[in-house]
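Take a look at the letters that make up each chain.
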Amino acid sequence: MAENTSTTTTAKKKKAKRSVPAGQVHILATFNNTIITFTDSKGAVLTTASAGALGFRGSKKGTAYAAQVAAEKAGNLAKQQHGLMKVDVFLKGVGLGRDAAVRTLQNLNMQVETITDVTGVPHGGVRPRKARRV
């Protein structure tokens with residue numbers, strides 16, 4: 001009776017937090033939620049937060065206050081873990097959280113370099129209905 005007594009445990013290597021002094025903030029503000037994503041200048045995600053992930057439910061997720069809390073959480077994480085100080089802001093969507101999130105970033109003493117609106121604009125519209133046969 002040979003018992004297997006060898007326990008192989010692989011210790012997870014702690015991921016090194018790299019210093020990113022300048023990066024981007026992508027703010028997706030819909031009527032139902034606000035998602036804040038901090039990335040480096042190439043677009044690799046550093047931190048992220050959303051109103052829904054912070055415990056706001058239902059119609060409260062789409063409010064300006066929920067966007068403010070989400071931006072605060074993601075911004076503080078980005079500052080502490082990566083030393084992010086200068087950001088370019090990319091806004092997408094038409095929700096209430098657009099202005100609140102940008103204002104919160106400025107209150108966190110982050111230097112907002114540019115603000116760009118990347119909201120999709122429809123061109124040509126939707127396909128019309130089929131012709132009615134009488």
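Report follows, based on the coordinates. (Residues numbered from 1 in each chain as written. Predicted model: local features only at pLDDT ≥ 70, side-chain atom pairs only at ≥ 80, totals over all residues. Heavy atoms only, no water.)

### With respect to the pattern of salt bridges
- On inspection of all chains with the given rule, the structure shows one salt bridge.
- A salt bridge links aspartate 117 to arginine 98, with the shortest nitrogen-to-oxygen separation between them at 3.1 Å. Remark: arginine 98 occurs in helix 2 (residues 97–107) and aspartate 117 occurs in strand 5 (residues 111–117); sequence separation between them is 19 residues.
- Residue class for aspartate 117 comes out partly exposed when judged on its relative accessible area of 47%. (Salt bridge = Lys/Arg side-chain N within 4 Å of Asp/Glu carboxyl O. Helix = DSSP H or I, 4+ residues; strand = E, 2+ residues; numbered from the N terminus. Buried < 20%, exposed > 50% of the residue type's maximum accessible area, 1.4 Å probe, protein only.)

### Some remarks on the packing of helix 1 (residues 64–82) against helix 2
- Helix 2 packs onto helix 1 with a crossing angle of 35° between their chain directions and a minimal axis gap of 8 Å. Regarding helix 1 and helix 2, the two cross each other, and that crossing is right-handed. Touching Ala64, Ala67, Gln68, Ala71 and Glu72 of helix 1 are Gly97, Ala100, Ala101 and Thr104, all from helix 2.
- Residue classes in the contact of helix 1 with helix 2 are distributed as five nonpolar, three polar and one charged. (Axes fitted to C-alpha atoms, helices over the stretch in contact; angles between N-to-C directions. Left-handed = near helix turned anticlockwise from the far one by under 90°. Contact = heavy atoms within 4.5 Å. Nonpolar A, V, L, I, M, F, W, Y, C, P; charged D, E, K, R; others polar.)

### Considerations on the sheet that holds strand 1 (residues 22–29)
- Spatially, five strands are ordered 3-2-1-4-5 in an open sheet, and the strand pairing comes out mixed. Each end of this open sheet is capped by a strand with a single partner; those strands are strand 3 (45–50) and strand 5. Looking at each pair of strands side by side, their axes are set apart by 20° on average, direction ignored.
- Pairing of strand 4 (residues 86–92) with strand 5, which is carried by six bridges, proceeds in the parallel orientation. Bridge pairing in strand 5 links lysine 86 to glutamine 111.
- The sheet strands contacting helix 1 are strand 2 (34–40) and strand 3, and the helix crosses strand 3 at an angle near 155°.
- Running over the sheet, helix 2 touches strand 1, strand 2, strand 4 and strand 5 and is turned about 155° from strand 1. (Pairing = 2+ DSSP bridges.)

### Things to note about helix 2
- What helix 2 keeps buried is the set Gly97, Arg98, Ala100, Ala101, Val102, Thr104 and Leu105.
- In this structure, the buried residues of helix 2 make contact with strand 1, strand 2, helix 1, strand 4 and strand 5.
- The first or second residue beyond helix 2 is asparagine 109, which carries a positive phi of 60°.

### Section: the pairing of strand 4
- When strand 1 meets strand 4, the two strands line up parallel, connected through seven bridges. Considered in strand 4, the bridge of histidine 26 is made with phenylalanine 90.
- As for the winding sense of the linkage, the β-α-β connection from strand 4 through helix 2 to strand 5 is right-handed. (Right-handed = clockwise from strand over helix to strand, strands pointing away.)

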